[in-house]
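Results of the structural survey
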Amino acid sequence: MSLHLEPLPALLIEPAVRAALAEDLGRAGDITTMATVPAEAKARVLLNARQPGRIAGLDCARMAFRLVEPALKVAVLKGDGSDVEPGDTIAAIEGPARGILTGERVALNFLGHMSGIATATREIARAIEGTKAQVCCTRKTTPGLRIFEKYAVRAGGGINHRFGLDDAVLIKDNHIAMSGGVAAAIARAKAASGHMVKIEVEVDTLDQLDEALAVGVDAVLLDNMTPDMLAEAVRRIGGRAIAEASGRITAATAPAIAASGVDLISCGWITHSAPCLDIGLDFDSLTAS
């Protein structure tokens, strides 16, 4: 698969990585490394994959090493969006040994977490190949890490849903209950929103879908519907709105859902529950001091 992936700006990466390093260094710094490794020691280490997956988060890892020790050189061999197998070398880091060891855990935390999300996304994206459906994420993200987790979804071949509450109107079941119904909620949203704001409404039944379509929306979130219900919903929508399916969708269930003709398959678990991809930092050699 050809993947075009725009990197995150360093301006967005640095504050989060700096905060993670400050949390790790605490009040006295890396007392283990300072006590055991000579200040003049230099080393070369390798970031190696220990299980198959899709890589994301290398810029965060590189930032962690360079904030600790600007003299460190990071050579990337498998960039974000690359697939790896166990034993593949993702990057080589060379320079002051203390900086390598002090930055290691924060670098691996970002890299492993983001690569895990990219890998989970890739599994669903591959499962629905040959259909028009695309996998997308939700706002079910780790507080403070949303931009990184959504970037990882893109690295896995998915697309992003809204980034926050101010991106677009998404009328969900509780909004409907508290505003007097589907049509009333949509009418209020249209009256309050600017011309650039998209409106999506979540529906649980085909009757609710008909009500939403009668007043007009940009997208419909079809929640917890069977593949047969989704196919009927897509037929009723008839291209008048984007059709998005949701509801605990996995790589095993995604193909049947995609075959219904929906445009999007949204998955919360790919950001909130994807397992970390096992990536290790392995010593390669001591280099000249």
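Residues numbered from 1 in each chain as written. Predicted model: local features only at pLDDT ≥ 70, side-chain atom pairs only at ≥ 80, totals over all residues. Heavy atoms only, no water.

With respect to the state of the cysteines
The following threshold applies: We call a pair of cysteine sulfur atoms a disulfide whenever their separation is within 2.5 Å. Between buried and exposed lies partly exposed: a residue is buried under 20% and exposed over 50% of the maximum accessible area for its type, with that area taken using a 1.4 Å probe on protein chains only.
Per the stated rule, a full pass over the model turns up 0 disulfides. The thiol of C136 is not disulfide-bonded; the next cysteine sulfur, from C137, is found 6.4 Å away. With relative accessibility at 1%, the residue C136 sits in the buried group. With no disulfide of its own, C276 has C60 as its nearest cysteine by sulfur position, at a separation of 13 Å.

Describing the packing of helix α1 (residues 10-25) against helix α4 (residues 97-127)
Quick reminder of the rule: Working convention: axes come from line fits to C-alpha atoms, limited for helices to the stretch in contact. Angles between N-to-C directions cover 0 to 180 degrees. Where helices and strands are cited, they refer to DSSP runs of H or I of at least four residues and of E of at least two residues respectively, numbered from the N terminus. Between 65 and 115 degrees an angle is taken as roughly perpendicular, under 35 as roughly parallel, over 145 as roughly antiparallel, and anywhere else as oblique. Helix crossings fall into two classes, left-handed where the near helix is turned counterclockwise from the far one by less than a right angle and right-handed where it is turned clockwise. A contact between two residues is defined here by any heavy atoms of the two lying within 4.5 Å.
Here α1 crosses α4 at 130 degrees, and the two axes come no closer than 10 Å. Here α1 is positioned oblique relative to α4, judged by the angle of their axes. The handedness of the crossing between α1 and α4 comes out as right-handed. Here A16, V17, A20, L21, D24 and L25 of α1 lie close against α4, whose contacting residues are T102, R105, V106 and F110.

Re the packing of aromatic side chains
Note the threshold: In this scheme Phe, Tyr and Trp rings, the latter by its six-membered ring, pair at centre separations within 6.5 Å, and the angle between planes marks the pair as stacked below 30 degrees, edge-to-face above 60, and tilted otherwise. Remark: a charge is flagged as sitting over a ring if the NZ atom of Lys or the CZ atom of Arg is within 6 Å of the ring centre and within 35 degrees of the ring normal.
Inspection of every chain in the model, using the stated rule, returns 1 aromatic pair. Ring plane angle 70 degrees and centroid distance 5.7 Å describe the contact between F110 and F148, whose orientation is recorded as edge-to-face. In this pair, F110 sits in helix α4 while F148 sits in helix α5 (residues 146-155), placing the two residues 38 residues apart along the sequence. In this structure F110 comes out as buried when scored by relative accessible area, which is 9%. Its relative accessible area of 2% is what places F148 among the buried residues. Over the aromatic face of F163 sits the side chain of K150, whose NZ or CZ is 5.3 Å from the ring centroid.

Remarks on α1
Which entries qualify depends on this criterion: Multiplying 1.5 Å by the residue count of a helix minus one yields the expected span of that helix. This arc describes the spread of directions from the helix axis toward the C-beta atoms.
For α1, with 16 residues, the first-to-last C-alpha span of 21 Å sits near the 22 Å given by 1.5 Å per residue. Inspection of α1 places I13, A16, V17, A20 and L21 among the buried residues, and these make up the whole buried set. Down the axis of α1, the smallest arc covering the buried residues is 140 degrees, so these residues share one side. Those residues of α1 that are exposed and aimed more than 90 degrees away from the buried face are L11, P15 and E23. Close packing links the buried residues of α1 with α3 (58-68), α4 and α5. Two residues or fewer past α1, G26 is found with a positive phi of approximately 60 degrees.

A short note on a positive patch on the surface
How we decide: Patches were defined on residues exceeding 30% relative accessible area and lacking a salt bridge, with like-charge contacts within 9 Å and nonpolar side-chain contacts (Val, Leu, Ile, Met, Phe, Trp, Tyr) within 5 Å. For accessible areas, the Shrake-Rupley method is used with a probe of radius 1.4 Å. Any residue's cover is judged against the shown protein chains and nothing else. By definition, a salt bridge exists where a carboxyl oxygen of Asp or Glu is found within 4 Å of a side-chain nitrogen of Lys or Arg. A positive count includes Lys and Arg, and a negative count includes Asp and Glu. His and the chain ends are not counted in either. Where a charge sits is defined by one atom per residue type, namely NZ (Lys), CZ (Arg), CG (Asp) or CD (Glu).
There is a patch of like positive charges on the surface, built from R139, K140, K172 and R248. By the secondary structure assignment, R139 is in the loop between β6 (134-136) and α5. Judged by its relative accessible area of 33%, R139 falls in the partly exposed class.

Topic: the nonpolar core
The following threshold applies: Buried residues of nine kinds, namely Ala, Val, Leu, Ile, Met, Phe, Trp, Tyr and Cys, make up a nonpolar core once their side-chain atoms join them within 4.5 Å.
With 85 residues, the main nonpolar core has V17, F110, V201, L209, L222, V262 and I265 as its most contacted residues. At 13 residues, the largest contribution of residues to this core is made by α4. Beyond its immediate chain neighbours, meaning those up to four positions away, V262 contacts K132, A133, L222, L230, V234, A243, A245 and I257.

Re the sheet that holds strand β1 (residues 42-49)
Which entries qualify depends on this criterion: Between any two strands, at least two bridges found by DSSP are needed for them to pair.
Strand order in the open sheet formed by 4 strands is β3-β5-β1-β12, and the pairing between neighbours is antiparallel. The open sheet terminates on both sides in strands that have one partner only, identified here as β3 (73-76) and β12 (279-287). Taking the axes of each pair of neighbouring strands and ignoring which way they run, one obtains an average angle of 20 degrees across the sheet. In the sheet, β3 pairs with strand β5 (residues 89-96) via 4 bridges, with the strands oriented antiparallel.

What about the layout of surface pockets?
So the rule is basically this: Each cavity reported here is a set of points on a 1 Å grid over the protein atoms alone in which a 1.4 Å probe fits but cannot get out, each pocket an open set with protein on both sides within 12 Å along at least five of seven lines, and each lining residue one with an atom within 4 Å of a point. Grid points are joined across faces, edges and corners, and a volume is the space filled by probe spheres set on the points. Note on residue classes: Ala, Val, Leu, Ile, Met, Phe, Trp, Tyr, Cys and Pro are nonpolar, Asp, Glu, Lys and Arg are charged, and everything else, Gly too, is polar.
Its boundaries defined by the atoms lining it, the largest pocket holds a volume of some 440 Å³. Considering the residues around the largest pocket, the lining is formed by 22 residues, among which T138, K140, K172, S246 and S266 are closest to the centre. Those elements that place two or more of their residues in the lining of the largest pocket are β9 (219-223), β10 (242-246) and α11 (269-272). Broken down by class, the residue content of the lining of the largest pocket amounts to 6 nonpolar, 8 polar and 8 charged.

Concerning unusual backbone geometry
Even without glycine at this site, N224 takes up a positive phi of about 55 degrees. Its place among the elements puts N224 in the loop between β9 and α9 (227-237). Take N224: its relative accessible area is 42%, and that puts it in the partly exposed class. Phi is positive for R248, which is not a glycine, with a value near 55 degrees.

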